[in-house]
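Notes for the structure review
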2 protein chains.
Amino acid sequence: METTGLHLWLVLWKAYQALRCHAERHIHSVGLGFSDFAVLEVLLHKGPAPVNTIGELVHLTSGSITAAIDRLERKSLVARGADPSDRRARVVRLTEAGRALIECAFRDHAAAMEAATGGLSAAERGAAVALLRKLGRSARER
Amino acid sequence: METTGLHLWLVLWKAYQALRCHAERHIHSVGLGFSDFAVLEVLLHKGPAPVNTIGELVHLTSGSITAAIDRLERKSLVARGADPSDRRARVVRLTEAGRALIECAFRDHAAAMEAATGGLSAAERGAAVALLRKLGRSARER
DNA sequence: CGAATTTATCTCCACGTCAAGATAAGTAAT
DNA sequence: ATTACTTATCTTGACGTGGAGATAAATTCG
């Protein structure tokens, strides 16, 4: 078994692409892009938040998150509001339509990921999670 | 330990991003984009190949791979040539400069990945490779 | 208080990607 | 040989992203 860092990286990349492909198929079918889905998901699970806070959570730069919120606002899935404690900030919240959409889409997404990872037993998935978490953490620290 | 498919997907995503961040830093410092690096790497290890064959290997559509080869040709890192057995095809090969660059860049890349995955022991990396390979393969099959 | 710095957001532009369609060359079938 | 189909590549237009810089508000410090 190959244990070089390069090999691990390649295998990780391929696994990522395979899962991402599944994820994208479902998300695309709802008429959303990957980033827009991530933004809605953050809003659903963390509640309203300022633009750049969301950007950091989903790894988008200031320009990109502005564009993403613009897209979602154009579709009436989110709304910008004023932050009473900071007049620079614009707080983003889900609209009714946005909440309905992401709740449904998220359920589908979870089911799709469950199916896509079905090739591994529960024990294997647990082991994979532990290893990947450790790998990600240590890589981020360097 | 969480063993849902969704959780595994999220952890995989984060680990991927952490490693990709390392990879991109090194590749960018050579003046290349991620895809262009992948194209050169294919040419280095598999030898000259037609445009679309390369595109499939690095997962780029016909339009994208054309643009990538254009960029590399503009920098004189690769050259297009005729395929004697198929006049539609354009065979891409490394130039001297291209070979020198990718050989050097690839060594650096391998070293960077070695360092980035250093948080895992050899045994852990072997286990991770086995799990990720299985995961990727089964996800691709569905 | 006023000046300098930081923070939050937005605008603008360049880049890489994809999708769809165009062109040209090879292949198969009648 | 003609027709239809497939394959290899390129072109065009739209989209999402990042980076640099602009603006405005908040914060820090003398």
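To start, this report covers the structure provided alongside it. One numbering rule holds for all chains: residues counted from 1, following each sequence as written. Key to labels: chains lettered from A, ligands numbered from 1, both in the order written. Reporting in this predicted model follows two pLDDT cut-offs: at least 70 for local features of residues, and 80 or more for side-chain atom pairs to be given and counted; totals over whole chains, interfaces and linings ignore these cut-offs and use all residues. Heavy atoms throughout the structure, all of them, feed into the side-chain values; hydrogens and water do not.

This brings us to the protein's contact with DNA strand D. By convention in these notes, a residue is near a molecule or strand provided one of its non-hydrogen atoms lies within 4 Å of it. Lining the immediate environment of DNA strand D, one finds 20 residues, of which Ser35 and Ser64 of chain A together with Asn52, Ser62 and Arg88 of chain B sit closest. Of all atoms in DNA strand D that approach within 4 Å of the protein, 70% are sugar or phosphate atoms. Within the contact set of DNA strand D, a phosphate oxygen lies 2.9 Å away from a backbone nitrogen or oxygen of arginine 87 of chain A. Measuring from a phosphate oxygen of DNA strand D, one finds a side-chain N or O atom of threonine 66 of chain B at 3.4 Å. Elements supplying a minimum of two residues to the surface near DNA strand D: helix 4 (62–74) of chain A together with helix 3 (51–57) and helix 4 (62–74) of chain B. Note on residue categories: nonpolar means Ala, Val, Leu, Ile, Met, Phe, Trp, Tyr, Cys or Pro, charged means Asp, Glu, Lys or Arg, and polar means any other residue, Gly included. Across the surface near DNA strand D, the residue classes break down as 4 nonpolar, 9 polar and 7 charged. Identification of polar contacts relies on pairs of N or O atoms within 3.5 Å, with a donor-acceptor requirement for protein atoms, meaning one able to donate a hydrogen and the other able to accept it, and with residues adjacent in sequence counted only if both atoms are side-chain atoms. Helix numbering and strand numbering both begin at the N terminus, where a helix is a DSSP run of H or I of at least 4 residues and a strand a DSSP run of E of at least 2.

Overlaying chain B with chain A gives an RMSD of 0.1 Å, the required rotation being 180° about an axis along which the chain moves by 0.0 Å. Classification of the inter-copy transformation places it as that of a two-fold axis. A contact between two residues is defined here by any heavy atoms of the two lying within 4.5 Å. Taken as a fraction of all interface residues of chain B, those also at the interface in chain A reach 100%, which identifies the copy contact as same-surface. The least-squares superposition of copies is restricted to C-alpha atoms, and to residues with a pLDDT of at least 70 in both copies.

Moving on: helix 4 of chain A. Residues and elements named next belong to chain A. Here the expected length of a helix is defined as 1.5 Å per residue gap, with one fewer gap than residues. The end-to-end C-alpha distance of helix 4 is 18 Å, a good match for the 18 Å that 13 residues give at a rise of 1.5 Å each. Of the residues making up helix 4, those classed as buried are Ile65, Ala68, Ile69 and Leu72. Down the axis of helix 4, the buried set is contained in an arc of 95°. They therefore lie on one face. Residues of helix 4 that are buried in the fold lie against helix 2 (34–46), helix 3 (51–57), strand 2 (78–82) and strand 3 (90–94). Following helix 4 by one or two positions, serine 76 adopts a phi angle in the positive range, close to 60°. Only protein chains enter the accessibility calculation, which uses a 1.4 Å probe. A residue is then buried if its area is under 20% of the maximum for its type, exposed if over 50%, and partly exposed in between. Comment: arc refers to directions from the helix axis out to C-beta atoms.

Ranked by size, the top nonpolar core spans 92 residues in total, and within it Trp9 and Leu12 of chain A together with Trp9, Leu12, Ile54 and Leu132 of chain B carry the most contacts. In this structure, tryptophan 9 of chain A is in contact with Tyr16, Leu19, Arg20, Ala23, Phe34, His109 and Met113 of chain B, ignoring residues within four places of it in sequence. By nonpolar core we mean a set of buried residues, namely Ala, Val, Leu, Ile, Met, Phe, Trp, Tyr and Cys, connected to one another through side-chain atoms within 4.5 Å.

Our next topic: the protein's contact with DNA strand C. In the vicinity of DNA strand C there are 20 residues, among which Asn52, Ser62 and Arg88 of chain A together with Ser35 and Ser64 of chain B approach most closely. For DNA strand C, the backbone makes up 71% of the atoms found within 4 Å of the protein, where backbone means sugar plus phosphate. A distance of 2.9 Å is found between a phosphate oxygen of DNA strand C and a side-chain nitrogen or oxygen belonging to arginine 80 of chain A. Take arginine 88 of chain A: an N or O atom from its side chain is 2.4 Å from a base oxygen of DNA strand C. Elements supplying a minimum of two residues to the surface near DNA strand C: helix 3 and helix 4 of chain A together with helix 4 of chain B. For the surface near DNA strand C, the per-class residue count stands at 4 nonpolar, 9 polar and 7 charged.

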